[in-house]
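Architecture at a glance
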Amino acid sequence: MSEARKSWTVEELAAACGGRVVGDGTRTVANVAPLDEAGPDDISYLSDPKWSRHLAETGAGAVILKDEQDAARYVQVVAGDPYLAYARVAQVIDAGLYPRAEIGVAEGAFVAESATLGSGCSIYPTAFVGERARLGSNVTLHPGAHVGEDCEIGDDTVIFPNAVVYPRCRVGARVRIHACTTIGNDGYGFAPDAEKKLVKIPQMGWTEIGDDVEIGPCCTVHRGALGPTRIGRGSKLDALVVVAHNVQVGEDVRLVAQVGISGSCEIGDRAILAGQVGLAGHLKIAPDVVLGAQSGVASDVKKPGLYLGSPAMPIEKARRIVMTQTKLPEMRQKLRDLEKRLAKLEGGGKD
Amino acid sequence: MSEARKSWTVEELAAACGGRVVGDGTRTVANVAPLDEAGPDDISYLSDPKWSRHLAETGAGAVILKDEQDAARYVQVVAGDPYLAYARVAQVIDAGLYPRAEIGVAEGAFVAESATLGSGCSIYPTAFVGERARLGSNVTLHPGAHVGEDCEIGDDTVIFPNAVVYPRCRVGARVRIHACTTIGNDGYGFAPDAEKKLVKIPQMGWTEIGDDVEIGPCCTVHRGALGPTRIGRGSKLDALVVVAHNVQVGEDVRLVAQVGISGSCEIGDRAILAGQVGLAGHLKIAPDVVLGAQSGVASDVKKPGLYLGSPAMPIEKARRIVMTQTKLPEMRQKLRDLEKRLAKLEGGGKD
Amino acid sequence: MSEARKSWTVEELAAACGGRVVGDGTRTVANVAPLDEAGPDDISYLSDPKWSRHLAETGAGAVILKDEQDAARYVQVVAGDPYLAYARVAQVIDAGLYPRAEIGVAEGAFVAESATLGSGCSIYPTAFVGERARLGSNVTLHPGAHVGEDCEIGDDTVIFPNAVVYPRCRVGARVRIHACTTIGNDGYGFAPDAEKKLVKIPQMGWTEIGDDVEIGPCCTVHRGALGPTRIGRGSKLDALVVVAHNVQVGEDVRLVAQVGISGSCEIGDRAILAGQVGLAGHLKIAPDVVLGAQSGVASDVKKPGLYLGSPAMPIEKARRIVMTQTKLPEMRQKLRDLEKRLAKLEGGGKD
């Protein structure tokens with residue numbers, strides 16, 4: 001295990017995030033905290049101007065912010081994107097406070113003889129590595145993590161407790177797979193016979209997870225029926241996301257909690273699917289599309305932009321429809337009134 | 001292990017639930033069963049008057065009911081709330097039939113040397129307790145259950161097989177965490193850089209689970225980005241519920257299956273979120289709010305009451321809108337008719 | 001372990017699927033592949049005429065198809081239902097390429113002394129079998145798979161890594177339970193007391209899984225409150241499906257990803273519930289009903305057919321309503337216009 005570290009100068013944190021120090025850069029901090037809870041040993045940040053009032057009152061020792069302030073109480077780290085700068089600073093502090101334990105292959109771990117491990121791996125008790133699996137360097141398999149036969153796992157990847165990678169899958173470098181997630185389980189494929197009994201289509205493909213992907217807990221990324229299901233480099237899945245067989249997810253895509261993507265869909269780079277969105281099979285979603293929460297998509301989305309609803313449509317249209325829906329009972333009443341008035345006119349003005 | 005127990009007098013069961021015996025309180029029963037399947041060794045209950053016809057024909061040895069009956073065939077336990085009384089009686093019988101096994105730390109369990117355990121704990125094979133974790137008395141960790149470093153687990157808590165508590169979380173007393181649920185996994189936080197690559201915001205907070213909480217299987221309660229995510233005392237989560245980072249769930253709240261709550265929401269005491277409800281981030285839901293199944297909520301709900309729909313609205317309004325929606329095609333046709341008739345009038349009555 | 005096998009004659013594959021060979025039946029193939037990727041050692045299939053163009057250009061050594069072609073390049077297997085025939089052929093090849101390993105009870109597996117195992121079982125390290133559990137022949141428990149006390153598991157059943165079967169459940173023969181799925185966890189039952197605190201109703205029933213069922217990963221099939229929850233023979237659950245307590249699912253039913261079924265529902269044989277469908281409690285769904293994706297069902301569905309929407313209705317009606325909804329803003333505008341024109345007429349034609 002690397003030693004835990006307990007403090008950092010504002011200077012070195014500013015260097016880590018490309019910020020500019022205003023004030024005493026040799027001042028040290030020991031942790032991160034929100035503006036309204038931070039003390040003199042904390043570094044905090046202001047990214048959204050609506051929290052500016054907290055800045056005036058903060059007890060933080062240092063603050064990351066966009067515009068230099070006329071304030072001497074805290075050291076400033078001025079950065080163009082304070083939230084991004086905060087991310088980089090917090091990564092430094094997090095890695096220092098909670099360093100990775102390098103434990104080798106623990107007693108009680110099960111590693112097949114034909115498996116190969118790079119240097120620096122940490123294989124916890126009850127973790128399992130199947131025949132012929134190949135792990136890179138500094139891979140961490142937490143207790144109960146499972147790597148099936150013939151899998152490849154890249155350098156620095158972390159598989160959290162009880163997550164499962166089925167046989168013959170490929171996982172890139174610096175990937176994080178959270179607890180109780182399954183990668184490469186059978187896709188859902190059955191052919192009904194003459195009596196409507198369901199005959200299994202063996203799922204003979206695999207799953208490929210690109211570098212720098214993070215997959216939340218209790219997700220399932222099914223193996224292809226034939227060929228791969230793919231999650232592209234840098235994409236991030238929240239919790240309880242389902243990615244069906246042969247789906248191709250692009251790079252830097254965000255799939256928020258409880259999203260479900262049916263078989264063979266293609267999701268373009270940088271797309272964002274908000275919570276509980278569902279996609280029918282074989283759809284193409286263009287790069288940079290954003291689908292609002294609970295949207296249901298049944299046809300291709302070809303242009304970047306914001307979409308919402310079930311069926312999904314451009315967000316302004318969806319909002320106008322939703323707003324009009326709340327007027328529906330009044331509209332129906334109005335229709336009845338108009339009809340009566342019209343009938344009266346048609347009748348020559350008599351009741 | 002405490003001895004299993006095989007029978008109870010109606011008298012002692014009545015005492016357990018605060019009911020009044022009518023008939024022979026020394027009669028014994030050995031199990032619970034529904035009215036229409038119960039035999040002479042069973043105690044049953046009538047809570048909903050619509051099942052009264054089953055009462056006339058039941059073979060139960062004893063029945064918990066609200067109003068004393070003129071019947072000698074079964075012993076009666078009269079209670080103001082028969083369903084609640086049944087709950088308490090069934091708890092007694094369940095605990096007797098299936099007593100907790102006290103097995104100590106089994107061979108094949110992994111408990112860090114720096115961890116501390118109260119008396120009476122049962123740590124099954126392949127369960128894992130990390131460094132410096134502190135378990136109270138009578139805690140049960142089933143096989144594959146995982147308690148991370150520096151966690152605190154209260155007395156009498158049960159963690160079912162393969163459930164995972166990430167490091168530095170706090171779990172109260174008498175909590176039940178079901179199989180394959182994850183507590184304290186990373187929340188979903190990323191800051192896009194200039195190229196729209198997603199930079200991880202380290203999730204440096206934790207999760208706190210109050211006393212007497214029950215969490216169903218395959219749920220995820222994410223750790224705070226900073227500070228805690230909280231589930232208040234007595235709240236109950238069904239299966240596949242997602243609670244995102246920094247959410248604050250009140251006491252005695254019910255979150256039904258597949259509910260998804262986005263980051264930093266606050267859910268008031270005794271609120272009920274029915275199946276598949278989704279909440280956007282940073283919302284406040286008042287105490288005693290009930291959200292109907294599949295509702296989508298995008299703004300605060302400030303008053304107790306029943307709400308439904310996406311967007312959610314008071315239930316009577318939602319129902320009226322849904323009902324009117326089913327008339328939409330007719331309304332559209334009617335509009336066309338009216339327009340024609342109007343045009344005819346405008347034209348002076350000519351076609 | 002049976003030996004892996006590397007090649008098959010077209011003749012024997014045709015026999016396995018009941019197809020007729022056109023061309024040289026002694027030709028051998030070694031794997032399956034889609035038409036547009038297949039090489040001379042692959043067998044492929046054409047089920048949907050829209051891919052016929054791939055047939056003309058395929059490099060496959062053999063093709064399963066419906067209508068005999070005038071082509072000498074590949075051997076043909078003519079079958080009435082090519083997709084079904086492909087399923088059977090792929091099963092043969094899959095079983096040959098990836099034969100089941102028969103490993104007995106591995107070191108590091110935990111099998112209670114009172115449990116009984118049929119012949120040919122494979123119990124991997126860290127799998128757990130509780131007291132008095134009874135396993136049939138050729139059962140596979142992958143690492144971390146959990147079989148609780150007093151469970152029954154039928155012949156040839158496979159429980160994937162970290163899946164959990166709670167005590168006293170019954171699982172049939174040839175069942176596949178995927179990773180991180182839980183069978184027989186507590187149902188969600190609580191009775192509020194006078195202070196609205198939630199008192200647990202012990203869940204004293206069990207779960208029964210019929211023969212030939214397949215259950216995807218991260219699903220939960222809750223035990224009955226009293227009596228069983230049942231999944232009927234041959235039914236197939238995709239990923240993240242929730243089946244609540246006392247639900248009765250018929251035979252050959254398909255529950256697609258993220259479906260949620262509330263307590264005590266009855267699902268008829270051969271019904272299909274598409275992705276993210278939700279059902280309220282105590283509903284009856286007739287055999288052969290198909291519910292479209294994201295449908296919400298709040299009342300019985302009594303006739304076979306296609307339904308869609310929330311609330312669910314016959315699909316033509318649902319589609320008409322959805323289409324009309326997209327016209328709502330225009331309808332509202334039209335209403336306003338008509339009213340103005342009518343007012344003008346009523347006023348005698350003056351503005």
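Residues numbered from 1 in each chain as written. Chains lettered and ligands numbered in written order. Predicted model: local features only at pLDDT ≥ 70, side-chain atom pairs only at ≥ 80, totals over all residues.

On to the overall build of chain A. For chain A, the helix and strand inventory stands at five helices and 40 strands. What you see for chain A is a C-alpha radius of gyration of 27 Å, clearly larger than the 20 Å of a compact globule of 351 residues, by over 25%. Across the 351 residues of chain A, 56% fall into the buried class. A sequence separation of at least 24 residues applies to 21% of the contacts in chain A between residues at least 6 apart. (Helix = DSSP H or I, 4+ residues; strand = E, 2+ residues; numbered from the N terminus. Rg over C-alpha atoms; globule rule 2.2 N^0.38 Å. Buried ≥ 20, exposed ≤ 12 C-beta atoms within 10 Å, placed from the backbone. Contact = placed C-beta atoms within 7 Å.)

Between chain A and chain C, the superposition needs a rotation of 120° and an axial shift of 0.0 Å, giving an RMSD of 0.1 Å. These values place the two chain copies in the arrangement generated by a three-fold rotation axis. (Least-squares fit on C-alpha atoms with pLDDT ≥ 70 in both.)

An ideal rise of 1.5 Å per residue puts 27 Å on 19 residues; helix H5 (residues 328-346) of chain A measures up with 26 Å between its terminal C-alpha atoms. Those residues of H5 of chain A that fall on the buried side of the exposure criterion are Leu328, Leu335, Leu338 and Leu342 of chain A. The buried residues of H5 of chain A all sit within an arc of 70° when viewed along its axis, so they share a single face. For H5 of chain A, the exposed residues lying more than 90 degrees away from the buried face are Gln333, Arg336, Asp337, Lys340 and Ala343 of chain A. Buried residues belonging to H5 of chain A abut helix H4 (315-325) of chain A, helix H4 (315-325) and helix H5 (328-346) of chain B together with helix H5 (328-346) of chain C. (Expected span 1.5 Å × (residues − 1). Arc of directions from axis to C-beta.)

With that settled, the discussion passes to the sheet that holds strand E33 (residues 266-267) of chain A. If you walk across this open sheet you meet the nine strands as E10-E13-E16-E19-E24-E27-E30-E33-E36 (chain A), and the pairing is parallel. Each of the sheet's edge strands pairs with one partner strand only, and the pair in question is strand E10 (116-117) and strand E36 (284-285) of chain A. (Pairing = 2+ DSSP bridges.)

Right, let's get into the interface of chain A and chain C. Counting from both sides, the interface comprises 48 residues of chain A and, opposite them, 50 residues of chain C. Counting only elements with at least two residues in the side of chain A that touches chain C, the list comes to strand E22 (190-192), strand E23 (198-200), H4 and H5 of chain A. Counting residues per element, the side of chain A that touches chain C draws most heavily on H5 of chain A, at seven residues. Looking at the side of chain A that touches chain C residue by residue, the classes come out as 25 nonpolar, 14 polar and nine charged. (Nonpolar A, V, L, I, M, F, W, Y, C, P; charged D, E, K, R; others polar.)

Turning to the domain arrangement of chain A, a few remarks are in order. When cut into domains, chain A gives domain 1 (8-97) and domain 2 (104-316). One C-alpha centre belongs to domain 1 of chain A, the other to domain 2 of chain A; they are set 36 Å apart. (Domains from an automatic or database assignment.)

All names here are of chain A. Across the two faces of strand E24 (residues 206-209) the burial is the same, with Trp206 and Glu208 and Thr207 and Ile209 all buried. Taken together, the two bridges between strand E19 (residues 170-171) and E24 define a ladder with parallel strand orientation. Residue pairing in the sheet places Arg170 in a bridge with Glu208 of E24. Sheet analysis places E24 next to strand E27 (residues 228-231), joined by four bridges and oriented parallel. Its bridge partner lying in E27, Thr207 is registered against Thr229.

The next thing to look at is unusual backbone geometry. Trans is the common state for peptide bonds, and a negative phi is the common state for residues other than glycine. A cis amide bond links Ser310 of chain A with the next residue in sequence, Pro311 of chain A, at an omega value of 5°. Relative to the assigned elements, Pro311 of chain A resides in the loop between strand E39 (305-308) and strand E40 (313-314). A positive phi angle is found at Arg270 of chain A, which is not glycine, with a value near 65°. Residue Arg270 of chain A is classed as buried on the basis of its 23 C-beta neighbours within 10 Å. Phi is positive for Thr126 of chain C, close to 75°, though the residue is something other than glycine. Along the chain, Thr126 of chain C turns up in the loop between strand E11 (122-123) and strand E12 (128-129).

With that out of the way, let us pick up the interface of chain B and chain C. Counting residues at the interface gives 50 residues for chain B, matched by 49 residues for chain C. No other element matches H5 of chain B, which puts nine residues into the side of chain B that touches chain C. Residues that form the side of chain B that touches chain C fall into these classes: 26 nonpolar, 14 polar and ten charged.

All names here are of chain C. Taken together, the twelve strands give an open sheet; going across it, the order is E8-E11-E14-E17-E20-E25-E28-E31-E34-E37-E39-E40, and neighbouring strands pair in mixed fashion. Single-partner strands in this sheet number two, and they are strand E8 (104-105) and strand E40 (313-314). Of the strand pairs in this sheet, strand E34 (residues 272-273) and strand E37 (residues 289-291) are connected by two bridges, and their pairing is parallel. Across the sheet, the residue bridging to Ile272 is Val290, located in E37.

It is worth spelling out the pairing of E27 of chain A at this point. When E27 of chain A meets strand E30 (residues 248-249) of chain A, the two strands line up parallel, connected through two bridges. Residue pairing in the sheet places Ile231 of chain A in a bridge with Val249 of chain A of E30 of chain A.

Residue and element names in this part refer to chain B. Within helix H1 (residues 10-17), the full set of buried residues consists of Val10, Leu13, Ala14 and Cys17. The buried side chains of H1 occupy one side of the element, clustering within an arc of 105° when seen end-on. Trailing H1 by a residue or two, Gly18 shows a phi angle of about 70°, which is positive.

Chain-level statistics for chain A give a pLDDT mean of 96 and a share of 98% at 70 or above. Under the prediction, the complex receives an ipTM of 0.96, its pTM being 0.97. (pLDDT = per-residue confidence, 0-100.)

Let's shift gears to the environment of Ala30 of chain A. Residue and element names in this part refer to chain A. Along the chain, Ala30 turns up in the loop between strand E3 (28-29) and strand E4 (31-32). Residue classification places Ala30 among the partly exposed residues on the basis of 17 C-beta atoms within 10 Å. A sequence separation of 43 residues divides Ala30 from Arg73, and the C-alpha atoms of the two residues are 17 Å apart. Apart from residues lying up to four places away in sequence, Ala30 is in contact with Lys6, Ser7 and Asp41.

So, on to the environment of Tyr166 of chain C. Residue and element names in this part refer to chain C. Its place among the elements puts Tyr166 in the loop between strand E18 (164-165) and strand E19 (170-171). Overall, Tyr166 belongs to the buried group, with 28 C-beta atoms counted inside 10 Å. Among residues more than four places away in sequence, those in contact with Tyr166 are Gly148, Ile183, Gly184, Asn185 and Arg223.

A few words on the environment of Val32 of chain B. Topologically, Val32 of chain B is positioned in strand E4 (residues 31-32). A sequence separation of 54 residues divides Val32 of chain B from Tyr86 of chain B, and the C-alpha atoms of the two residues are 8.9 Å apart. Excluding its chain neighbours within four sequence positions, the residues that come into contact with Val32 of chain B are Asp42, Ile43, Ser44, Ala90 and Ile93 of chain B together with Met204 and Leu226 of chain C.

It is worth spelling out the packing of H5 of chain A against H5 of chain C at this point. Axis separation between H5 of chain A and H5 of chain C bottoms out at 11 Å; the angle between their running directions is 30°. When the interaxial angle is binned, H5 of chain A and H5 of chain C end up roughly parallel. Crossing of H5 of chain A against H5 of chain C: the hand is left-handed. Across the interface between the two elements, Met331, Lys334, Leu335, Leu338, Arg341, Leu342 and Leu345 of chain A of H5 of chain A pack against Arg332, Leu335, Leu338, Glu339, Leu342, Leu345 and Glu346 of chain C of H5 of chain C. Class assignment of the residues belonging to the contact of H5 of chain A with H5 of chain C gives a composition of nine nonpolar, no polar and five charged. (Axes fitted to C-alpha atoms, helices over the stretch in contact; angles between N-to-C directions. Parallel < 35°, antiparallel > 145°, perpendicular 65-115°, else oblique. Left-handed = near helix turned anticlockwise from the far one by under 90°.)

The interhelical angle for the contact between H5 of chain B and helix H4 (residues 315-325) of chain C, taken along N-to-C directions, is 55°, at an axis separation of 8 Å. With respect to each other, H5 of chain B and H4 of chain C are oriented oblique. Note on element contacts: H4 of chain C touches H5 of chain B through Arg320, Ile321, Thr324 and Gln325 of chain C, opposite Leu328, Pro329 and Arg332 of chain B. When grouped by side-chain class, the residues that make up the contact of H5 of chain B with H4 of chain C number three nonpolar, two polar and two charged.

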